Amino acid sequence: MNSPLQIFIDACLINNFVLAYFLGLCPFLGVSNKTETAVRMGGAVTFVLLIASACAYGIHQMLILINAPYLHLISYIVVIASAVQLVEMFIKKYSPALFRAMGIYLALITTNCCVLGVALFQTSREYDFIQCLSFALGAGAGFTLALLIMSGIRERLDLATVPSVVKGAAVTLMVAGVLSMAFMGFAGMGR
Amino acid sequence: MTTENTPAVSRNLEALTRGMWRENPAFVMLLGLCPVLAVTNSVINALAMGLATTFVLILSSTLVSLIRLWIPKQVRLASFILVIATSVTVVDNLLQAISFEVHKALGAFIPLIVVNCIILGRAEAYASKNTLSKSLLDALGFGAGFSGACLCMGTIREVLGSGTFAGIPLFGPDFAGWSIMVLPGGAFFVLGFLLLLFNWLHERKKTLHNVTTLAAERAP
């Protein structure tokens, strides 16, 4: 009923994590100034999402086994935080160039609601392992896409003349609103 | 800042009111926007989200303030996160017991309170450095500010989107709701418009202040 491709398209376009669920808004508003940083951030988030999703699947199975569902949230947050730390150390050791390119973003992803959101959604929808991975991949691709489009618009917006009261967060949010309306056009795809 | 000279009562009052207006987490500091945008399509949901966040804020501030002297500096963030996750689990189960309908409507956004920046921010910036009573007042103030912001968004979106306030119809049967207001796009528009309004008020106050001081200087 839910093929991996369907889940991917659903998480990436129809129910885009940023524009429909409002998850990961902080980096969306914070680092969408330049296209280059937007791509790097998107890549880092997608990578962490995949790892966190796989870990969350394992924990979920284990918690079912020992019959302790109330421990979900606490164990997810701890595991995500330590997974990010591990990934950071691993990349630092084996590919310093990649580490420098990702910079501070890697550490900041721990507090990105996108990551915990994916873990929680895949638990409540009871996805199997392959579905979990395609869900995480779709969410990451959707996040990168939204960030990329937004940064492109904002680079143009810097050159436009807008009234001083609208400048900054207000105009960014209104642009995000228009973008969100545009993504609503994908509703009903893949049915 | 002249907080050293002011009496204790007004300092406590300052801790309470700061979060409500001048440093309002959602409208001024732009923190924790995910829930403010995501679950404010009706007044009831917005109120439930505001209250749940306030409760978590109070619970975690109390615990962090109580154990602040025993936490080693290196692991403080991890300990705060654990305290917050525990508080959120408590609230999640409580809400499920009180109103299952609201719990279902908010869905995954209740557990997502864990990653709300306001809570970790207050634990790190205030509760880990201040006494229990002051941390409580601070948590109460910021919780009220956040709930106010949620309620503000919820009211605008429900009244314009479905023509009701907390389920009570306001405009009679002929009103056609602006369906965009209850959709995700509307949330961005309403928040953008509110920020515009606050910017405008702030600039007007600044100009008025400049004009009056200039007039006072010129007066003989």
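Everything here concerns the structure above.
Remember, predicted model here, so these are calculated numbers, not experimental data.

1. Topic: the nonpolar core
Residues and elements named next belong to chain A.
Argument step 1. Counting residues in hydrophobic clusters, the biggest one holds 111 residues, and the most contacted among them are Phe17, Leu25, Phe28 and Leu116.
Argument step 2. Top element by residues in this core is helix H3 (residues 35–65). It accounts for 10 residues.
Argument step 3. Contact partners of Phe17, with chain neighbours within four places excluded, come to Ala11, Phe22, Leu23, Cys114, Gly117, Val118, Phe121, Phe135 and Ala139.

2. Quick word on helix H8 (residues 129–157) of chain A
Argument step 1. For H8(A), spanning 29 residues, the distance from its first C-alpha to its last is 42 Å, which sits close to the expected 42 Å at 1.5 Å a residue.
Argument step 2. Backbone nitrogen of Ile130(A) and a side-chain oxygen of the N-cap are separated by 3.3 Å at the start of H8(A); the cap is Asp128(A).

3. Some words on the interface of chain B and chain A
Argument step 1. Every contact between the two is made by 33 residues of chain B and, on the other side, 35 residues of chain A.
Argument step 2. Taking both partners together, chain B and chain A bury about 2800 Å²; carbon and sulfur atoms supply 86% of that area.
Argument step 3. At the boundary of chain B with chain A, the tally comes to zero salt bridges.
Argument step 4. Residue assignment for the side of chain B that touches chain A shows that the elements contributing at least two residues are helix H2 (33–38), helix H4 (76–98) and helix H9 (184–218) of chain B.
Argument step 5. Sort the elements by how many residues they give to the side of chain B that touches chain A and H9(B) lands first, with 13 residues.
Argument step 6. Of the residues that constitute the side of chain B that touches chain A, the class distribution is 27 nonpolar, five polar and one charged.

4. Some remarks on the packing of aromatic side chains
Residues and elements named next belong to chain A.
Argument step 1. Using the criterion set out here, one finds 10 aromatic pairs over all chains in the structure.
Argument step 2. With 5.5 Å between their ring centres and 65° between their planes, Phe183 and Phe186 make a pair best called edge-to-face.
Argument step 3. We classify Phe183 as buried; its relative accessible area is 7%.
Argument step 4. On the basis of relative accessible area, Phe186 is assigned to the partly exposed category, the value being 28%.

5. Description of the pattern of salt bridges
All names here are of chain B.
Argument step 1. Following the criterion strictly, the structure yields three salt bridges over all chains and no others.
Argument step 2. Across the salt bridge formed by Asp138 and Arg18, the nearest N and O atoms sit 2.8 Å from each other. Of this pair, Asp138 sits in helix H7 (residues 132–162) while Arg18 sits in the loop between helix H1 (8–17) and H2, and the two are 120 residues apart along the sequence.
Argument step 3. Taking the relative accessible area as the measure of exposure, Asp138 reaches 1% and is therefore buried.
Argument step 4. By relative accessible area, which is 14% here, Arg18 ends up buried.
Argument step 5. We note a salt bridge from Glu124 to Arg76, for which the minimum N-O separation is 3.0 Å. Residue Glu124 is located in helix H6 (residues 117–127), and its partner Arg76 is located in helix H4; the two are separated by 48 residues in the primary sequence.
Argument step 6. For Glu124, a relative accessible area of 24% puts it in the partly exposed group.

6. Quick notes on the packing of helix H1 (residues 4–14) of chain A against H8(A)
Residue and element names in this part refer to chain A.
Argument step 1. Two elements in contact, H1 and H8, have axes whose closest approach is 7 Å; the angle formed by their N-to-C orientations is 30°. In this view, H1 runs roughly parallel relative to H8, as classed from their interaxial angle. The element H1 and its partner H8 pack so that their crossing is right-handed. Two secondary-structure elements touch here, H1 through Pro4, Ile7, Phe8, Ala11, Cys12 and Leu13 and H8 through Ile130, Gln131, Ser134, Phe135, Leu137, Gly138, Ala139, Ala141, Gly142 and Leu145.
Argument step 2. Residue composition of the contact of H1 with H8, grouped by class: 12 nonpolar, four polar and no charged.

Here is what the cut-offs are and how they apply
- Residues numbered from 1 in each chain as written.
- Chains lettered and ligands numbered in written order.
- Predicted model: local features only at pLDDT ≥ 70, side-chain atom pairs only at ≥ 80, totals over all residues.
- Heavy atoms only, no water.
- Core = buried A, V, L, I, M, F, W, Y, C linked by side-chain atoms within 4.5 Å.
- Buried < 20%, exposed > 50% of the residue type's maximum accessible area, 1.4 Å probe, protein only.
- Helix = DSSP H or I, 4+ residues; strand = E, 2+ residues; numbered from the N terminus.
- Contact = heavy atoms within 4.5 Å.
- Expected span 1.5 Å × (residues − 1).
- Polar contact = N/O pair within 3.5 Å; in protein donor to acceptor, adjacent residues only side chain to side chain.
- Buried area = accessible area lost by both parts, 1.4 Å probe.
- Salt bridge = Lys/Arg side-chain N within 4 Å of Asp/Glu carboxyl O.
- Nonpolar A, V, L, I, M, F, W, Y, C, P; charged D, E, K, R; others polar.
- Phe/Tyr/Trp six-rings, centres within 6.5 Å; stacked < 30°, edge-to-face > 60°.
- Axes fitted to C-alpha atoms, helices over the stretch in contact; angles between N-to-C directions.
- Parallel < 35°, antiparallel > 145°, perpendicular 65-115°, else oblique.
- Left-handed = near helix turned anticlockwise from the far one by under 90°.

Function cannot be inferred from these measures alone, as they are strictly geometric.
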